[in-house]
Amino acid sequence: MKTKTKWVYLKEVDSTNDYAKQYVHDHNVAVLAEAQTHGKGRCGRAFLSGKSGMYLSVVRMDDLPLSACSVYMLAAPLAVCDVLAAYGIKGEIKWPNDVWVANKKIAGVLVETEWREERVYRAVVGIGLNVSNDIGDVPCAATSMRLEGVSATVKEVAERVVDALSVYFDMSPAALVATVKPRLLTLGRRVRLPDGRVGTAIDLADDGRLIVKIGGECIAVAAGDVNLAE
Ligand code: BTN
């Protein structure tokens, strides 16, 4: 049986992920803020979070084994792509979990997990999606739903994302990987690894790791930023 989502609406917060980690100890709670003063990106980066963007953190207490926690990382970009598709926008996933539209970033995902004895007891799935916010200061090629010609409220977009997430959270890592693969713009492309090496992304493992072929060797990349090399 599906658990009903509880919502927490905030006007402004430092980071919805940090708020969730501090105050939310319940399963399936969605924290939505109108703006963040210290939005967090992956790899210690800041995530600019001005008004009219979607800043959402969903708390899950599924008690998954550590080996299945890629579910959180895979479900989030899939949910965003589904919602974009419902508005007529084609999103693609840049490994591990950014969503891009026509070579510009539209959404990012930051998953934070807490675990003990090989089980994840709490996961905070943070998603930032450019809806109608100003992206002038974003330090990479970026776009928003508004720039793609869509007018939607943040609340309606967030509700759709949460609905889509609830379907994906129930899938196995292997089924999620199979669903992600056709949308992964990184596959088949030359990529640069965090240590500077360049290779070809050839597959996605069931645990969400990217398989990259460098010369005759295949390596599985678990974390960090992998950028398109060409
Ligand atoms: C990235 O692009 O590197 C990930 C960005 C994740 C941003 C979201 S916004 C909601 C949640 N709260 C945060 O502080 N970060 C995530």
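The preceding data block contains the structure.
Predicted model, so just to flag it, every value in this text is computed and none were measured.

Let's talk about the site of the ligand
Phase 1: Around the ligand sit 20 residues, and of these Ser15, Gln36, Lys40, Arg42 and Lys105 come closest.
Phase 2: At a separation of 2.8 Å, an oxygen atom of the ligand approaches a polar side-chain atom of Ser15.
Phase 3: Here Gln36 contributes a side-chain N or O atom positioned 2.9 Å from a nitrogen atom of the ligand.
Phase 4: Protein coverage of the free-state accessible area of the ligand, which is 420 Å², stands at 99%.
Phase 5: Mapped by element, the contributors of at least two residues to the shell around the ligand are helix H1 (16–23), strand S3 (54–60), strand S7 (104–116) and strand S8 (119–129).
Phase 6: In terms of residue count, S7 provides more of the shell around the ligand than any other element does, four residues in total.
Phase 7: Of the residues assigned to the shell around the ligand, the class counts are five nonpolar, 10 polar and five charged.

Section: the nonpolar core
A general trend in soluble globular proteins is that nonpolar side chains are found buried together.
Phase 1: Of all hydrophobic cores here, the largest spans 59 residues; its most connected members are Met54, Leu129, Met145 and Val157.
Phase 2: The element best represented in this core is helix H2 (residues 70–86), accounting for 11 residues.
Phase 3: If we skip the residues at most four places from it in the chain, Leu129 touches Gly53, Met54, Val80, Leu84, Ile106, Ala107, Met145 and Val157.
Phase 4: Core analysis: the second largest hydrophobic core is formed by nine residues, Ala20, Val29, Val31 and Ala33 among them.

Let's talk about the packing of aromatic side chains
Phase 1: Considering all chains together, one arrives at three aromatic pairs under this definition.
Phase 2: Judged by centre distance (5.7 Å) and plane angle (5°), the rings of Trp7 and Tyr9 are stacked.
Phase 3: Residue class for Tyr9 comes out partly exposed when judged on its relative accessible area of 44%.
Phase 4: Summarising the aromatic geometry, the rings of Tyr72 and Phe169 are spaced 5.8 Å apart at their centres and angled 65° between planes, so their arrangement reads as edge-to-face. With a gap of 97 residues between them, Tyr72 in helix H2 and Phe169 in helix H3 (residues 154–169) connect regions that are remote in the sequence. Just as Tyr72 is buried, Phe169 falls in that class too.
Phase 5: For the cation-ring pair, Arg116 lies above Tyr121, with the distance from its terminal atom to the ring centre recorded as 4.1 Å.
Phase 6: Between the NZ or CZ atom of Arg160 and the centre of the ring of Tyr87, over which it lies, the distance is 4.7 Å.

Calculation criteria
- Residues numbered from 1 in each chain as written.
- Predicted model: local features only at pLDDT ≥ 70, side-chain atom pairs only at ≥ 80, totals over all residues.
- Heavy atoms only, no water.
- Near = heavy atom within 4 Å.
- Polar contact = N/O pair within 3.5 Å; in protein donor to acceptor, adjacent residues only side chain to side chain.
- Areas by Shrake-Rupley, 256 points an atom, 1.4 Å probe, with all protein chains shown as cover.
- Helix = DSSP H or I, 4+ residues; strand = E, 2+ residues; numbered from the N terminus.
- Nonpolar A, V, L, I, M, F, W, Y, C, P; charged D, E, K, R; others polar.
- Core = buried A, V, L, I, M, F, W, Y, C linked by side-chain atoms within 4.5 Å.
- Buried < 20%, exposed > 50% of the residue type's maximum accessible area, 1.4 Å probe, protein only.
- Contact = heavy atoms within 4.5 Å.
- Phe/Tyr/Trp six-rings, centres within 6.5 Å; stacked < 30°, edge-to-face > 60°.
- Lys NZ or Arg CZ within 6 Å of the ring centre and 35° of its normal.

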